[in-house]
Amino acid sequence: MITKILIANRGEIACRIMRTARKMGIATVAVYSEADAGALHVEMADEAVLIGPAQASESYLKGDAILDAAKRTGADAIHPGYGFLSENPGFVDQVEKAGLIFIGPSAKAIRAMGLKDAAKALMEKANVPVVPGYHGEAQELVVLAGKANEIGFPVLIKARAGGGGKGMRKVDNQADFPAALSSARREAKASFGDDRVLVEKYVTTPRHIEIQVFGDSHGNAVHLFERDCSAQRRHQKVIEEAPAPGMPDDMRAAMGAAAVQAAKAINYAGAGTVEFIVDASEGLKADRFWFMEMNTRLQVEHPVTEMITGLDLVEWQIRVAAGEALPLTQDQLSINGHAVEARIYAEDAGKGFLPAVGRLMHLQFPDGDIRVDAGVRTGDEITPFYDPMIAKMIAHGQTRAEALDKLAGALGRTEIAGTVTNTAFLVKLCRDADFAAARLDTGLIERNIESLTEVAVAPDYIVALAAVAASGMVPGYGNAADVAGAIGPFEIWGMPKRWVPLEINGEARSFAIERAGTRDWRVTGDALAAGRIDLEAVSVHGHDWAFSAGGVARRCRLANAEDSVTVFYQGLTHGFGKPRGKRDDDIGGGGDQVVSAMPGIVKQVLVEAGQTVKSGEAMVIMEAMKMEMTLSAPRDGVVAEVLVAVGAQVADGVRLVTLQVEAEAA
Ligand code: ADP
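Because the structure is a prediction, the values reported are computed rather than measured.

As for the packing of aromatic side chains
Piece 1. Counted according to the given criterion, the structure contains ten aromatic pairs.
Piece 2. Considering the side-chain rings of phenylalanine 91 and phenylalanine 102, the 6.3 Å spacing of their centres and the 80 degrees angle between planes classify their relative orientation as edge-to-face. A residue pair is termed long-range when its members are at least 10 positions apart, and phenylalanine 91 in helix 4 (residues 89-97) and phenylalanine 102 in strand 5 (residues 101-102) qualify at eleven residues.
Piece 3. Judged by its relative accessible area of 4%, phenylalanine 102 is buried.
Piece 4. Plain terms: the ring middles of tyrosine 461 and phenylalanine 547 are 6.1 Å apart, the flat faces sit at 45 degrees to each other, and that makes the pair tilted. Here tyrosine 461 is found in helix 17 (residues 460-471), whereas its partner phenylalanine 547 is found in strand 29 (residues 544-549), with 86 residues between them in sequence.
Piece 5. For phenylalanine 547, a relative accessible area of 2% corresponds to the buried category.
Piece 6. One aromatic cluster is present, formed by Tyr60, Phe84, Phe385 and Tyr386 through successive ring pairs.
Piece 7. When the ring centre of tyrosine 202 is taken as reference, the NZ or CZ atom of lysine 170 above it lies at 4.8 Å.
Piece 8. Just above the ring of tyrosine 461 sits the side chain of arginine 554; from NZ or CZ to the centre is 3.9 Å.

Put into structure tokens, the structure is as follows:
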């Protein structure tokens, strides 16, 4: 019996698990870091325990602190979610030693699948088709290069301890092999502390199709059909769906059987996913799929499986962990319709998908027939400490087209202000001709990246409306004193007129705003394509704005925050900054300073005041989410001041180091 579950995770997955626990009458305990004190998962739980500082290594990855929290609250089981400690066999041992139930597979099963090479060897033995390649012990260049030749180019070098696409290199010919090998090794060493690799045949026209499996402690195992995760960017999943478009019955049966075989080979109990790579060069064929790896946990994309099977996978996990048999047999399982999931991230698709942070000043998901798994609410902050996923949005339809339409529509009606998100990119992907026609392979996004990441230019009337909203001149709306104090109102020809600064794509622009009657406005500014525009009959009710421009009545939603105005119009989000005070003088690089190019955490400071540096010399290393960036000296010079310390969390455009001005230095 499980009566109280501690969830060793945060964000949407912690909330997701709590919903099921509550439904089953099970009490919940949240653990949280200092950065998450006000987080949704903490609010949702029956009890919550602070386990450490923001850095995951000091909190969500601290097995001891988590076990201590379980002891203090009397939890009898621990659900690890995904990521963090979910695939850490040492933690499973610790949990069991403490007499608690780990809601997940055995430590032994996790170990068996933990390294790609060992897992592949095991699967070969169990007669599961494995990608042709070399996953032996030898690591010398000559051996690996020889194996690559035997396999035939192109090949893929993979870190055996790999994950998240790290330590992976596609090599097209022999000449490129040595360099690719050393760079894959370097990355593997840095990411996993293990530089051993394997070499695989690179499958052409690859599709990523994975099978959800479930086992119990009574020796039963079933599969819950497939998910297609071929829509990837840099080997990371962007949109997932179930079932896989164009999947023939015989191939589904063969993949399902292979996955169940894989699970049975390691006496698997709980939820797991067997990932296959599929050669789709001639459509889907029952003899063209190969085992890549098994993920021994619940996956981010599990909701699409839930939507087509009508099952609650977390409930199954809890029942299996409590010792029950699987609720259904294979022939009781069936597929209903089609489901698609999109991952909404705080990232700037227009700037190479740079991760973003920020406070979610406004957050509203659309009502209707759409599932939203979120771990944040209005006012919450996306920090650089954790994955910048804001929510998952999942649509179900009787057909793929219906599900995709619903998803695109819901993404377009999603209102997020305070950070930049990838929703416009996701909508475009849903509507991409190749994707919509299911001409899928893992290269689809990269091939169409330009059109998918094109930034929409806001029409004049939207820019003008943002300026009007920011002006503080709309009766009964916003804080009129705000702008009046900063800019100073003045009148020409008896009409109130005000200058309003607005930041558009990071550039400061200004607008003259005149009121012509209580509900009519004239906006002038060189940022407007036409130079000037009249907005008529402007009215505001909460976030709903109505106005008329060029004889057309229009409606939009608008979020007016202290430092930004965000307009949601016809499925697009247009963000504008409100420049304040001296900020303009403070930021912006130039020859005398090093400025953060993205929000993040300072990992290393390599210089000190008074030190002489050469142009291009590394000064500061920053990290944000999954990216590391080295900031170097803009010119030869002497360091005047170091303004940040290791561990500091800095915003975008903050000065980190200044150089002495030339005259001073001389
Ligand atoms: P990681 O564990 O780092 O995520 P995976 O082995 O799961 O690495 O592979 C990630 C992605 O890389 C797959 O989803 C697929 O798109 C691509 N990939 C992996 N192996 C192959 C292969 N042999 N041929 C072509 N693409 C591959």
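Still more ground to cover, so stick around.
A word on the site of the ligand
Piece 1. In the vicinity of the ligand there are 23 residues, among which Lys116, Gly165, Glu200, His208 and Gln232 approach most closely.
Piece 2. In the model, an oxygen atom of the ligand is placed 2.6 Å from a nitrogen or oxygen of the glycine 165 main chain.
Piece 3. For the ligand, the accessible surface in isolation is 560 Å², of which the surrounding protein chains cover 96%.
Piece 4. When residues of the shell around the ligand are traced back to their parent elements, those giving at least two are strand 7 (155-159), strand 9 (197-201), strand 10 (206-215), strand 13 (270-279) and strand 14 (289-295).
Piece 5. Taken together, the residues of the shell around the ligand sort by class into eight nonpolar, eight polar and seven charged.

Describing the domain arrangement of the protein chain
In many reports, interface size means the accessible area that the parts give up when they come together.
Piece 1. For the protein chain, the assigned domains are domain 1 (4-103), domain 2 (132-201), domain 3 (205-336), domain 4 (343-455), domain 5 (460-577) and domain 6 (593-665).
Piece 2. For domain 2 versus domain 6, the distance between C-alpha centres works out to 35 Å.

Digging into the nonpolar core
The nonpolar side chains of a soluble globular protein tend to be buried with one another.
Piece 1. With 38 residues, the main nonpolar core has Ile239, Ile390, Leu407, Leu411 and Leu429 as its most contacted residues.
Piece 2. For this core, the secondary structure elements donating two or more residues are strand 12 (236-242), strand 15 (338-345), strand 22 (389-397), helix 12 (400-412), helix 13 (423-431) and helix 15 (444-447).
Piece 3. No other element matches helix 12, which puts six residues into this core.
Piece 4. Lining this core are residues from two domains, each supplying at least three of them: domain 3 (205-336) and domain 4 (343-455).
Piece 5. Ranked by size, the runner-up nonpolar core spans 35 residues in total, among them Cys15, Ala30, Ile318 and Leu326.

Criteria and cut-off values
Residues numbered from 1 in each chain as written. Predicted model: local features only at pLDDT ≥ 70, side-chain atom pairs only at ≥ 80, totals over all residues. Heavy atoms only, no water. Phe/Tyr/Trp six-rings, centres within 6.5 Å; stacked < 30°, edge-to-face > 60°. Helix = DSSP H or I, 4+ residues; strand = E, 2+ residues; numbered from the N terminus. Buried < 20%, exposed > 50% of the residue type's maximum accessible area, 1.4 Å probe, protein only. Lys NZ or Arg CZ within 6 Å of the ring centre and 35° of its normal. Near = heavy atom within 4 Å. Polar contact = N/O pair within 3.5 Å; in protein donor to acceptor, adjacent residues only side chain to side chain. Areas by Shrake-Rupley, 256 points an atom, 1.4 Å probe, with all protein chains shown as cover. Nonpolar A, V, L, I, M, F, W, Y, C, P; charged D, E, K, R; others polar. Domains from an automatic or database assignment. Core = buried A, V, L, I, M, F, W, Y, C linked by side-chain atoms within 4.5 Å.

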